Amino acid sequence: MTVVYFDSPMSDDERREKLFGGDLFMYSPTPNSRALVEFARQMSEEASAPHFPPDAQHHLEGRAYVDVLASLKPTFINHPRSKELVGGVLADLGADVQQTYFDVPRLRSMTSEYLNAGLTLQFETHRDTWFSAPMCQVNWWMPVYDLAETNVMAFHPRYFAQGARNSSRDYDYEEWVAHGRASAAAQIEKETRKQPELEEEIEMLPDIRLIPPPGGVIVFSGAQLHTTVPNTSGRTRFSIDFRTVNRADVEAGLGAANVDSECTGTNLGDFLRVTDLAQLPAEVIAPFATTRG
Ligand SMILES: [Fe+2]
């Protein structure tokens, strides 16, 4: 059974418990999520002017389009206002801002039948926990413009409690940070960087696709198996996502069950406390910093 809670008044503690059991949450836009989306729109519209961002792919050739994204995305990610608004979204949705740590929000674009590598990479079916996320990681995702069922994310809830053969054993977070991420802008047509992926056929259907309005928020466990649906909508999808951990969960080793993640290293060093952007203490991260055996 997978439950989708819509605008649930549940506390953050209860919500995380449900998320770790595989349930999904969706919320109407909040004051801060609206502001975050507005901020992303302004920035994207400036960057792709005179074209409307969802349509700019039809007006620019590959290199020029990648150049637009290459400057837009880091600017959004690193902007202090983005971090401030993420903290606001979390407070709006009941997270304990003293206990909650987030990583910087990503602005993602998914072109429609166009480029598929590097900065426009279409993520194959995966769990974030294959990428060295802790089992207590919670993912937050919101569209910047209107969605279609052909440019969203699909969840495969039947695999929440069931493992699927995958190559996460070859992924190490520190190695990725050292070599993989920096080369994203260099990849235009073909993805050559090594990413954890499925090594068996799974039952892709039926899947669950949640379609909130712009600024609406989908919340799901980092252990949830999900796929970016091949975009055939004719328009580029823009979305914002970020991840959180609750410090008490990290310290207690709580979270979803690990059914098939074998990666090493940890992304926990990337998380910043909502109140003061402090990192988790080294001794809290240390138990997660596994190395390849
Ligand atoms: Fe993901």
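Treat the numbers as computed from the prediction; the structure is a model and nothing was measured.

Novice: Help me out: how do you make sense of the pattern of salt bridges in this one?
Specialist: Summed over the entire model, instances satisfying the criterion amount to 20 salt bridges. A salt bridge links arginine 15 to aspartate 12; the shortest N-O distance between them is 2.7 Å. Separated by 3 residues within a single helix, arginine 15 and aspartate 12 lie in helix H1 (residues 12-20), roughly one turn from each other. For arginine 15, a relative accessible area of 1% translates into the label buried. With a relative accessible area of 9%, aspartate 12 lands in the buried category. Between arginine 243 and aspartate 103 there is a salt bridge, with the nearest N and O atoms lying 3.4 Å from each other. Separated by 140 residues along the polypeptide, arginine 243 in strand E9 (residues 237-246) and aspartate 103 in the loop between strand E3 (100-102) and strand E4 (106-110) bring together distant segments of the chain. Of the residues examined, arginine 243 reaches a relative accessible area of 11% and is grouped as buried. Judged by relative accessible area, aspartate 103 falls into the buried class, the value being 5%. Several salt bridges share partner residues, and in doing so they unite Asp103, Arg106, Arg108, Asp128, Asp241 and Arg243 into one network.

Novice: Explanation requested: the pairing of strand E2 (residues 24-27) in the structure shown.
Specialist: On any regular strand, side chains alternate: one points to one face of the sheet, the next to the other face. Where burial is concerned, the two faces of E2 agree: the one with Leu24 and Met26 and the one with Phe25 and Tyr27 are both buried. Between the parallel elements strand E1 (residues 4-6) and E2, the chain passes through H1 in a crossover that is right-handed. In terms of strand pairing, E2 meets strand E7 (residues 217-221) through 3 bridges, oriented antiparallel. Each residue of the ladder has a partner; that of phenylalanine 25, found in E7, is valine 219.

Novice: What's the story with the coordination of the iron ion in this structure? I'm lost.
Specialist: Angles at a metal have ideal values that depend on geometry: 109.5 degrees with four tetrahedral donors, 90 or 180 degrees with six octahedral donors. Surrounding the iron ion are the protein donor atoms His126 (NE2), Asp128 (OD) and His226 (NE2), at 2.2 to 2.3 Å. Here the donor residues of the iron ion share one chain and are spaced in sequence as H-x1-D-x97-H. Of this pair, histidine 126 sits in the loop between E4 and strand E5 (138-143) while histidine 226 is found in strand E8 (residues 226-228), placing the two residues 100 residues apart along the sequence. Residue histidine 126 shares its accessibility class with histidine 226, and that shared class is buried.

Novice: Explain H1 here, please?
Specialist: Each α-helix turn comprises 3.6 residues. Residues three or four places apart therefore point the same way. Every buried residue of H1 is listed here: Asp12, Arg15, Arg16, Leu19 and Phe20. Down the axis of H1, the buried set is contained in an arc of 135 degrees. They therefore lie on one face. For H1, the exposed residues set more than 90 degrees away from the buried face come down to Asp13 and Glu17. Contact partners of the buried residues in H1: E2, E5, E7, E9 and helix H6 (247-252).

Novice: Just checking my understanding: could you explain the side chain of aspartate 12 for this structure?
Specialist: Within the structure, aspartate 12 has its side chain in polar contact with the side chain of arginine 15 (distance 2.7 Å). Residues contacting aspartate 12, with those up to four places away along its chain left out, are Gly94, Ala95, Asp96 and Asn246.

Novice: Even after reading the chapter, I still don't get unusual backbone geometry, so can you show me in this structure?
Specialist: The bulk of non-glycine residues show a negative phi, and the bulk of peptide bonds are trans. Residue alanine 49 is joined to proline 50 through a cis peptide bond whose omega torsion reads 5 degrees. Assignment of secondary structure puts proline 50 in the loop between helix H2 (31-48) and helix H3 (62-78). The backbone of serine 132 sits at a positive phi, close to 65 degrees, despite the residue not being glycine. Mapped onto the fold, serine 132 is located in the loop between E4 and E5. Backbone geometry at leucine 277 places phi at a positive 60 degrees, although glycine is not the residue there. Relative to the helices and strands, leucine 277 is located in the loop between strand E10 (272-273) and helix H7 (282-285). On the basis of relative accessible area, leucine 277 is assigned to the partly exposed category, the value being 40%.

Novice: For this particular structure, what's the right way to read empty space enclosed by the protein?
Specialist: Here the structure, examined in full by the defined rule, presents 2 cavities of 30 Å³ or more. In this structure, the largest cavity encloses a volume near 60 Å³. In this structure, the largest cavity is lined by Asp12, Arg16, Ala95, Thr100, Cys136, Val138, Trp140, Thr244, Val245 and Asn246. The set of elements that each furnish at least two residues to the lining of the largest cavity consists of H1, E5 and E9. Looking at the lining of the largest cavity element by element, the count peaks at 3 residues for E9. As a volume, the second largest cavity reaches approximately 40 Å³. Among the elements of the structure, H2 and H3 are those that each provide at least two residues to the lining of the second largest cavity. For the lining of the second largest cavity, the element with the most residues is H3, which contributes 4 residues. Across the lining of the second largest cavity, the residue classes break down as 7 nonpolar, 2 polar and no charged.

Criteria and cut-off values
Residues numbered from 1 in each chain as written. Predicted model: local features only at pLDDT ≥ 70, side-chain atom pairs only at ≥ 80, totals over all residues. Heavy atoms only, no water. Salt bridge = Lys/Arg side-chain N within 4 Å of Asp/Glu carboxyl O. Helix = DSSP H or I, 4+ residues; strand = E, 2+ residues; numbered from the N terminus. Buried < 20%, exposed > 50% of the residue type's maximum accessible area, 1.4 Å probe, protein only. Right-handed = clockwise from strand over helix to strand, strands pointing away. Pairing = 2+ DSSP bridges. Donors = N, O, S within 2.8 Å, 3.2 Å for Na, K, Ca; no water. Arc of directions from axis to C-beta. Contact = heavy atoms within 4.5 Å. Polar contact = N/O pair within 3.5 Å; in protein donor to acceptor, adjacent residues only side chain to side chain. 1 Å grid on protein atoms, 1.4 Å probe; cavity = no way out; pocket = protein on both sides within 12 Å on 5 of 7 lines; lining within 4 Å. Points joined across faces, edges and corners; volume = space filled by probe spheres on them. Nonpolar A, V, L, I, M, F, W, Y, C, P; charged D, E, K, R; others polar.

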